[in-house]
Amino acid sequence: MKKIIATLLATIALSGCATTTKDSVSGVKRSQFMLLPASQITSMSAQAYQQTLKEATGKNTLNVDKAQLERVRTISNRLIAQVGVFRPDATKWAWEVNVEKNDQLNAYCMPGGKIMVLSGMMDKLHATDDELAAVIGHEISHALREHGRERMSQAYVQQFGLQALAAFVTKGAAGGAINQAAGMGSQLFFALPNSRLQEQEADRMGLELAARAGYNPDAAVTLWEKMSAMNKGAPPEFLSTHPASENRIADLKALAPKVRPLYEAAKAKQS
Ligand SMILES: [Zn+2]
């Protein structure tokens, strides 16, 4: 057993714990615990996304407002054009961007670049382009950092324990257990909340991504303020899946001056 654990730790040190993205102005460089293969997470997420699109089509809620869709796609594509700064491989992901008619204030980007923005962001929150870029940039950053895969890897260890993990390491993917984990895939993706650390990383990287795409970094702050203002009684969906920490706005405000030159350079290029 000692030998197995030693092998395990060595493997995690070599491949399990790595950082998914390149360090940049926003300073996100924590090393991550990754056990489940990225390819599996990506295909799982693609399937779940297709299913969501199918269901939304059936309910007549997919991309109903063409002008809104075009607006969201334009903003998203400008952000996606910048992802290579953090990870060059992501420029080749099969990115998809859609809008679902739904009053909730929410958006997500599933692993591998499957973006969905709920129309409440536009219809109810009246988010500006800069604010939409802040939300979408935040969600894209979760995907670039592979936070979903990280959460699922942690859940896998919690569910199946050290023995399964040791078997995984010594014999390769343990068929039964890993299929079970895969089966839980999309549910896990939505059920497991991002940790506070993951949220902070998505905030920071998202702020830089938006600035590089020519969106005003101050919008991340106004977005959170608008969200909080609407947060009377029941919290908006985005806040319940994205628990707001007290220092979230302070953190964004502190980073804004560092990414502002990137924003100004991008604006100068556009004009
Ligand atoms: Zn988040």
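One can find the structure itself at the top, above this paragraph.
In this text, all values refer to a predicted model and were calculated from it rather than measured experimentally.

Moving on, we get to unusual backbone geometry. Notably, Asn60 is not glycine yet its phi reads approximately 60°, a positive angle. Within the secondary structure, Asn60 sits in the loop between helix H2 (38–58) and helix H3 (66–80). Its identity is not glycine, yet Asn63 carries a phi of approximately 50°, on the positive side.

So, on to the sheet that holds strand E5 (residues 114–118). Across the sheet, three strands lie side by side as E3-E5-E4; this open sheet has mixed pairing. One side of each edge strand has no neighbouring strand; the edge strands of this open sheet are strand E3 (96–100) and strand E4 (107–110). On average, each strand axis in the sheet is inclined to that of its neighbour by 15°, with strand direction left out of account. Both E3 and E5 contribute to a ladder of five bridges, which runs parallel.

Two elements in contact, helix H9 (residues 196–212) and helix H12 (residues 248–270), have axes whose closest approach is 7 Å; the angle formed by their N-to-C orientations is 25°. Classed by the angle they form, the pair H9 and H12 counts as roughly parallel. In the packing of H9 onto H12, the handedness of the crossing is right-handed. Along the contact surface, H9 presents Glu199, Gln200, Asp203, Arg204, Leu207, Glu208, Ala211 and Arg212, while H12 presents Arg248, Asp251, Leu252, Leu255, Ala256, Val259, Leu262, Tyr263 and Ala266.

What follows covers the environment of Trp93. Its place among the elements puts Trp93 in the loop between H3 and E3. Take Trp93: its relative accessible area is 18%, and that puts it in the buried class. Remark: the alpha-carbon pair of Trp93 and Thr42, spanning 51 residues in sequence, is separated by 9.8 Å. Leaving out residues up to four positions away in the same chain, Trp93 has contacts with Arg87, Gly112, Gly113, Ala143 and Leu144.

Scoring rules and cut-offs
- Residues numbered from 1 in each chain as written.
- Predicted model: local features only at pLDDT ≥ 70, side-chain atom pairs only at ≥ 80, totals over all residues.
- Heavy atoms only, no water.
- Helix = DSSP H or I, 4+ residues; strand = E, 2+ residues; numbered from the N terminus.
- Pairing = 2+ DSSP bridges.
- Axes fitted to C-alpha atoms, helices over the stretch in contact; angles between N-to-C directions.
- Parallel < 35°, antiparallel > 145°, perpendicular 65-115°, else oblique.
- Left-handed = near helix turned anticlockwise from the far one by under 90°.
- Contact = heavy atoms within 4.5 Å.
- Buried < 20%, exposed > 50% of the residue type's maximum accessible area, 1.4 Å probe, protein only.

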